[in-house]
Amino acid sequence: MARSLELELAATTKKYGDTIAVNAINHRFAAGSYSCLLGPSGCGKSSTLRMIAGHETVSTGDIVLGGTNITDLPPAKRGTAMMFQSYALFPHLSVVDNVAFSQKMKGVDKAIRQKKALELLELVDMSAYAARMPSQLSGGQQQRVALARALITEPSVLLLDEPLSALDPFLRIKMRLELKRLQRELGISFIHVTHSQDEALALADDIIVMNNGRIEQAGTPRDIFNAPATEFVAKFIGGHNVLGQAGKRVALRADRLLVSKAQDGGSTLLGATVRDVEYLGSTVKLALDAGTTGDLTASLSDEVFFQDPIDIGTAVFLTWKPEDAHPLAA
Ligand code: ADP
């Protein structure tokens, strides 16, 4: 199997004419880690991934894999492999021949490449479908074949561009677990592009939040969610309130905002009116109008909420622990 290696981006930049899609980003993807590039459409995620894969030239800067500068190497020589969003299977080749294709191009003996392809189909739980044609497979099955086909090259880094976006919500959550399991078993690095916060939080060892061609913040899911560094990250990751004056703004998780009907002692920081109440199962979400502070969101556990339910229109008092307010970079 492939070795697990660190991948480094050093001032990596992509320009399309006058558009700077990726603006001198620096990042080290730890060997054997699951990383998600997360951000809104157009922030430069795919361009970054395609440069790592060698499907897009680097305008300036470097890409270094395990100490080797791979910036100008062709895709097949870099030690990376890419799984495309569309899966891009060859329609006229059977499943096993799709998986064995790159080995055939390399001139590997038929018996050897078929054996290897079957091993990879086993890994993705698709052995029973080896003789089928891609058109006879569901979307989820096609994706497993595409994964096997990418992994047969024994990459140190597997690159995945929005791999779950074509699946229905149920299958998406199932495949999400399988991708994570596969990465753990193989021990290689996965770099996964997504615009879904939930997907990144659930999957990643490290999340790299991008905005406008730059990295806004990189860290563990818990770091990113608990202590977003900038207003952009707090708003994009969701579940936060951003409050305070310019230069002194803080992020406060919606489930850290404490709501009470009575003003208790001197600790009340804000008065607000309940505008909406949404029951979400294990939590209840309150939309709050806090006057000049703006609109805030509180997330209460169902247990806390139903001990003393709060109606729409109720005047409430809001407090929080000082350590739950995370200062944001200006
Ligand atoms: P994301 O994957 O985050 O949606 P992209 O990397 O696809 O972002 O795009 C980043 C920026 O580069 C966008 O402004 C996009 O319009 C531009 N861009 C991407 N590909 C091309 C291209 N082939 N030619 C010109 N501009 C491009």
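Before any of the text, the structure's been laid out above.
From a predicted model like this one, the values you see are computed outputs, not experimental measurements. (Residues numbered from 1 in each chain as written. Predicted model: local features only at pLDDT ≥ 70, side-chain atom pairs only at ≥ 80, totals over all residues. Heavy atoms only, no water.)

Asker: What exactly am I supposed to notice about the sheet that holds strand β16 (residues 295-301) here?
Answerer: If you walk across this open sheet you meet the five strands as β13-β17-β14-β15-β16, and the pairing is antiparallel. In this open sheet, the two edge strands, each paired with only one partner strand, are β13 (258-260) and β16. Ignoring which end each strand starts from, the neighbouring axes of this sheet average 45° apart. Summarising the sheet, strand β14 (residues 270-279) and strand β17 (residues 315-319) pair through four bridges and their orientation is antiparallel. Within β17, the residue paired with glycine 271 across the bridge is phenylalanine 317. (Pairing = 2+ DSSP bridges. Helix = DSSP H or I, 4+ residues; strand = E, 2+ residues; numbered from the N terminus. Axes fitted to C-alpha atoms, helices over the stretch in contact; angles between N-to-C directions.)

Asker: How should helix α5 (residues 169-186) be read in this particular structure?
Answerer: Each α-helix winds once per 3.6 residues, and so residues spaced three or four apart point in a common direction. For α5, with 18 residues, the first-to-last C-alpha span of 26 Å sits near the 26 Å given by 1.5 Å per residue. For α5, the secondary structure elements touched by its buried residues are β3 (34-38), α3 (110-123), α4 (139-151), β7 (157-161), β8 (189-194) and α6 (197-203). With a side-chain oxygen positioned 3.1 Å from the backbone nitrogen of phenylalanine 170, the residue opening α5 is aspartate 168. Of the residues one or two after α5, glycine 187 is the one with positive phi, at around 75°. (Expected span 1.5 Å × (residues − 1). Contact = heavy atoms within 4.5 Å. Polar contact = N/O pair within 3.5 Å; in protein donor to acceptor, adjacent residues only side chain to side chain.)

Asker: How do you make sense of the nonpolar core when you look at a structure like this?
Answerer: A general feature of soluble globular proteins is that nonpolar side chains tend to end up buried together. Counting 44 residues, the largest nonpolar core has Val99, Leu121, Leu147, Leu158, Leu160 and Phe190 as its most contacted members. Ranked by the residues each element gives to this core, the list is headed by α4, at six residues. Apart from residues no more than four positions distant in its own chain, leucine 121 is found in contact with Val95, Val96, Val99, Met126, Ser127, Ala130 and Ala148. Grouped together as the second largest cluster of nonpolar side chains are 24 residues, Ala21, Val22, Cys43 and Val157 included. (Core = buried A, V, L, I, M, F, W, Y, C linked by side-chain atoms within 4.5 Å. Buried < 20%, exposed > 50% of the residue type's maximum accessible area, 1.4 Å probe, protein only.)

Asker: Can you walk me through the environment of threonine 194 in this structure?
Answerer: Position of threonine 194 relative to the elements: it lies in strand β8. Of the residues examined, threonine 194 reaches a relative accessible area of 1% and is grouped as buried. Along the backbone, threonine 194 and leucine 37 are 157 residues apart, and their C-alpha atoms lie at a distance of 6.2 Å. Within the structure, the side chain of threonine 194 is placed 2.9 Å from the backbone nitrogen of serine 196, a separation counted as a polar contact. Within the local environment of threonine 194, its side chain forms a polar contact with the side chain of glutamate 199, the two groups lying 3.2 Å apart.

Asker: Looking at this model, I keep getting lost on the site of the ligand. Mind explaining?
Answerer: In the vicinity of the ligand, the contacting residues are Tyr16, Ala21, Pro40, Ser41, Gly42, Cys43, Gly44, Lys45, Ser46, Ser47 and Arg50. One of the backbone nitrogen or oxygen atoms of cysteine 43 is found 3.1 Å away from an oxygen atom of the ligand. One of the side-chain nitrogen or oxygen atoms of lysine 45 is found 2.9 Å away from an oxygen atom of the ligand. For the ligand, the protein covers 59% of the area, taking 560 Å² as the surface of the free molecule. (Near = heavy atom within 4 Å. Areas by Shrake-Rupley, 256 points an atom, 1.4 Å probe, with all protein chains shown as cover.)

Asker: How do you make sense of empty space enclosed by the protein when you look at a structure like this?
Answerer: It is the rolling of a water-molecule-sized probe over the atoms that shows where space remains empty. Summed over all chains, the structure comprises two cavities of 30 Å³ or more. Roughly 50 Å³ of volume is contained in the largest cavity. As for the largest cavity, its lining consists of Leu123, Val124, Arg144, Leu147, Met175, Glu178, Leu179, Arg181 and Leu182. Put simply, the parts of the chain that give the lining of the largest cavity at least two residues each are α4 and α5. Looking at the lining of the largest cavity element by element, the count peaks at five residues for α5. For the lining of the largest cavity, the residue count by class is six nonpolar, no polar and three charged. (1 Å grid on protein atoms, 1.4 Å probe; cavity = no way out; pocket = protein on both sides within 12 Å on 5 of 7 lines; lining within 4 Å. Points joined across faces, edges and corners; volume = space filled by probe spheres on them. Nonpolar A, V, L, I, M, F, W, Y, C, P; charged D, E, K, R; others polar.)

Asker: I keep staring at the side chain of serine 35 and nothing clicks. Help me out?
Answerer: Residue position: serine 35 is located in strand β3. The contacts of serine 35, once residues within four sequence positions are left out, are Phe29, Phe190, Ile191, His192, Asp206 and Ile208.

Asker: Help me out: how do you make sense of unusual backbone geometry in this one?
Answerer: The phi torsion of most residues other than glycine is negative, and most of the peptide bonds are trans. Phi is positive for alanine 24, close to 50°, though the residue is something other than glycine. Mapping alanine 24 onto the fold places it in strand β2 (residues 19-29). Alanine 24 sits in the partly exposed class, given a relative accessible area of 34%. Here the phi dihedral of aspartate 125 falls at roughly 65°; this positive angle occurs in a residue that is not glycine.

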